[in-house]
Amino acid sequence: MPYRLAVKDIAFFERPVRFARPFRFGAVVINATPQAFVRVEIEVEGKGRATGASAEFLVPKWFDKRPHLSPEETVTELRRSLLIARELYLAHSSHETAFGLHAACIGAQVEACAAEDIPPLAAAYGPAEIDKAILDALLRRTGGSFFDGMAANIAGVDARLSRDLTDADVPQFLAGRKRLERVAIRHTVGMDDKIEGEGCVADIKENAGARYFKLKLNGDPAHDADRLIRIGRALAALPYDYRVTLDANEQYADLAALSTLVDRLDREAALRPIAQKLLYIEQPMPRDITRQSPLGALARRDFIVDEADDSYDAFPIARALGYRGISSKSCKGIYKSVINATRAAKWSAGGEKCFIAGEDLTCQAGLAVQQDLALGALIGVTHAERNGHHYVDGFGDTPAAEAEAFLTAHPDLYVRDSGKVRLAIHDGDLLTGSLTTPGFATATHPDWSAMSPLEQPPAGIPLEKAV
């Protein structure tokens, strides 16, 4: 039976992270961004108290791409999302299951954020991070690993937020899950990344032996096609087979522009090295246009939604439009990923091709990458975008003692290289063995004393005045 718990304290911290190279996606270039950390104390009914943790970048201009907002303003939205969620979670003083608490708060969270002009995707960020920390604390208190705990549905996940499923569907899906021992990395090729020559997309020193590649698009069919031709030539030199995905980050204005690119992929010989290796195209159009635009004949290719995944009904809506998949990101909510994976399995068992993909929002080494990796390894994501190790130099500016603690606790995931603790990639794969420790995929917590408290913009003040 799921455990019941009450949240006693929630604390937020942040730490600046400098990038080793610029990362350009969509219309934004990131050279640095803060990483948020969450520390939660809970009381488990009949078992006492425990502390849990989570972490995630405060990524600018992804959760909210509206052009009138600056990158700094969109980071402020995420801080507000955390702070609003804290009030809602602490207001529930009675004991509840971990998922029951999430379900009780998520609607009020979206409503409260909407009152401050914070869109649903950004609104979900606060509960997502708090939920991860709560689950970490619960598993530590009960002594179970994430994989064993979720197989037993320790969080009490049910169908109350997804009425297209039955209450039996989710625990049945979880009970049948087996941890993937290896998850392949999908190497991200940002818009400013080098394509040819030393240090290019096909250079093993840059791609860490990846067999999967995620290629960013900018929304201009001619520009994108020409760039994909160049990338295809470079990748054709690899001494092994590979697969690619394309990610437009909402940059394609409409179906007409998207059709132009897909038609070229279908017919041009120069694009064949990409077209023949293409698994799916991710979030081509803006989220609002997506919901109004059935794919029609374009559904001959596989498409997934990501930024349009801003509610529990997003996957059924996308499926009706011709999309076959949806992204899993722990920053969008671990329970939503579990629900969507349950849907994909159920629909696929009925004869459809439906799937859930692993997309990483530049998860930094440590808590963030481990918890997102464990989530994917639970729900069956065999390869996942992993770009934190590429755009950040190891653990970045994390104190050396903290990085060493993660290396000691998870020697299959990290390695000491050139004086830095870095993600250990084994023939293009990450290993998940050490993630079976009690807790949510981590045997250690960060050094809380080496962080600053989360910046707290005042509630109710317009964003342009709060930054």
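The written sequence of each chain sets the order in which its residues are numbered from 1. This being a predicted model, a pLDDT of at least 70 is required before a residue's local features are given, and a value of 80 or more before pairs of side-chain atoms are given or counted; all residues contribute to the totals for chains, interfaces and linings. Hydrogen atoms and water are omitted, and side-chain values are computed over all heavy atoms in the structure.

(A) Just the overall build of the protein chain, in detail. Helical segments are the DSSP runs of H or I of at least four residues, strand segments are the runs of E of at least two, and each set is numbered from the N terminus. Each helix and strand counted, the protein chain has 17 helices and 15 strands in total. Just to be clear, the radius of gyration here is over C-alpha atoms, and the globule rule we use is 2.2 Å times residues to the power 0.38. Computed over C-alpha atoms, the radius of gyration of the protein chain comes to 21 Å, within 12% of the 23 Å expected from 2.2 N^0.38 for 467 residues, which places it in the range of a compact globule. The principal-axis extent of the C-alpha atoms belonging to the protein chain is close to 65 × 50 × 50 Å. Working definition: with a 1.4 Å probe on protein chains only, accessible area under 20% of the residue-type maximum means buried, over 50% means exposed, and in between means partly exposed. The proportion of buried residues among the 467 residues of the protein chain is 60%. By the convention used here, residues are in contact when the closest approach between their heavy atoms is within 4.5 Å. Put simply, of all contacts in the protein chain between residues at least 6 apart along the chain, 76% involve residues at least 24 apart. For the protein chain, the accessible area works out to roughly 16700 Å², and carbon and sulfur atoms hold 51% of it. Neither His nor the chain ends contribute to the count of charged residues, in which Lys and Arg are positive and Asp and Glu negative. Lys charges are placed at NZ, Arg charges at CZ, Asp charges at CG and Glu charges at CD. Across the protein chain, 55 positive and 64 negative side-chain charges occur, with their mean positions spaced 3 Å apart. All accessibility values rest on the Shrake-Rupley procedure with a 1.4 Å probe; residue burial counts only the protein chains present in the view.

(B) Seen up close, helix 16 (residues 400-409). For helix 16, the set of buried residues is Glu402, Ala403, Phe406 and Leu407. Each buried residue of helix 16 sits inside an arc of 140° when the element is viewed along its axis, so together they form one side. Along helix 16, exposed side chains directed more than 90 degrees from the buried face belong to Ala400, Ala401 and Thr408. The elements touched by buried residues of helix 16 are strand 1 (5-25), helix 14 (367-379), strand 12 (414-417) and strand 13 (420-423). Note that the arc is computed from the directions linking the helix axis to the C-beta atoms.

(C) The arrangement of helix 2 (residues 98-114) in detail. Any helix carries an expected span of 1.5 Å times its number of residues minus one. Helix length check: helix 2 (17 residues) gives 24 Å between terminal C-alpha atoms against 24 Å at 1.5 Å per residue, within 8%. Those residues of helix 2 not exposed but buried are Ala98, Phe99, Gly100, Leu101, His102, Ala103, Cys105, Ile106, Gln109 and Cys113.

(D) Structural view of the side chain of Gln35. Among the structural elements, Gln35 can be located in strand 2 (residues 28-44). Setting aside anything within four residues of it in sequence, one finds Gln35 in contact with Phe13, Glu14, Arg15, Val17, Ala55, Glu56, Phe57, Leu58, Gln364 and Ala368.

(E) Structural view of the pattern of salt bridges. Definition used for salt bridges: Asp or Glu carboxyl oxygen within 4 Å of a side-chain nitrogen of Lys or Arg. Counting across every chain of the model gives 51 salt bridges. Residue Arg24 pairs with Asp192 through a salt bridge whose shortest N-O separation is 2.8 Å. A residue pair is termed long-range when its members are at least 10 positions apart, and Arg24 in strand 1 and Asp192 in the loop between strand 4 (182-189) and helix 7 (204-207) qualify at 168 residues. Residue classification places Arg24 among the partly exposed positions, given a relative accessible area of 25%. When its relative accessible area of 43% is taken as the criterion, Asp192 is described as partly exposed. Within the structure, one salt-bridge network assembled from shared partners comprises Arg186, Lys214, Lys216, Asp247, Glu282, Glu359 and Glu385.

(F) Spotlight on the sheet that holds strand 3 (residues 48-57). Being paired, for any two strands, means DSSP has found at least two bridges between them. Across the sheet, four strands lie side by side as 3-2-1-15; this open sheet has antiparallel pairing. Of all the strands in the sheet, just strand 3 and strand 15 (452-453) have a single pairing partner and so form its edges. Pairing geometry for strand 2 and strand 3, over ten bridges, is antiparallel. Each bridged residue has a counterpart across the sheet, and for Gln35 the counterpart in strand 3 is Phe57. Against the sheet, helix 14 touches strand 2 and strand 3, its axis set at about 100° to strand 3. To define axes, lines are fitted to C-alpha atoms, for helices over the stretch in contact only, and angles between the resulting N-to-C directions are given on a 0 to 180 degree scale.

(G) Representation of the confidence of the model for the protein chain. For every residue, the predictor states its confidence as a pLDDT score lying anywhere from 0 to 100. Mean pLDDT over the protein chain works out to 95, with 98% of the residues at or above the 70 mark. In this model residues 461-467 is a low-confidence stretch, pLDDT under 50, and it forms eleven contacts with partners more than four residues away in sequence or in other chains.

(H) Up close: the pairing of strand 7 (residues 278-282). Of all five residues that make up strand 7, four are buried, and the element is covered over most of its length. As defined by bridge partners, strand 7 adjoins strand 8 (residues 303-305) across two bridges and the pair is classed as parallel. Residue Ile281 lies in a different strand from strand 8, and its bridge partner there is Phe303.

(I) Inspection of the nonpolar core at higher detail. By nonpolar core is meant a set of buried Ala, Val, Leu, Ile, Met, Phe, Trp, Tyr and Cys residues that side-chain atoms within 4.5 Å join together. Counting residues in each nonpolar core, the largest one holds 146 residues, and the members touching the most others are Ile134, Leu135, Phe146 and Tyr414. Element by element, the count of residues in this core is highest for strand 1, at ten residues. Excluding residues that lie within four positions of it along the chain, Leu135 makes contacts with Phe146, Met150, Ile154, Ala155, Ile334, Tyr335 and Phe440.

(J) Spatial organisation of unusual backbone geometry. For Asp427, which is not glycine, the phi dihedral falls at a positive 50°. By secondary structure assignment, the location of Asp427 is in the loop between strand 13 and strand 14 (429-431). In this structure Asp427 comes out as exposed when scored by relative accessible area, which is 68%.

(K) Spotlight on the state of the cysteines. The criterion for a disulfide is a pair of cysteine sulfur atoms lying within 2.5 Å. For the structure shown, the criterion picks out zero disulfides. The closest cysteine sulfur to the non-disulfide-bonded Cys113 is located on Cys105, 12 Å from its own sulfur. Given the relative accessible area of 0%, Cys113 is considered buried.

(L) Local environment of the pairing of strand 1. Bridge count between strand 1 and strand 2: 16 bridges; the pairing is antiparallel. Looking at the pairing, Val7 lines up with Ile42 of strand 2. Connecting strand 1 to the next strand, strand 2, in antiparallel fashion are two residues, including Gly26 with a positive phi near 55°.

(M) Spotlight on the environment of Val28. Tracing the backbone shows Val28 in strand 2. Val28 sits in the buried class, given a relative accessible area of 7%. C-alpha of Val28 to C-alpha of Pro60: the two residues are 32 residues apart in sequence and 8.1 Å apart in space. Val28 has contacts with Phe23, Pro60 and Lys61, leaving out every residue within four places of it along the chain.

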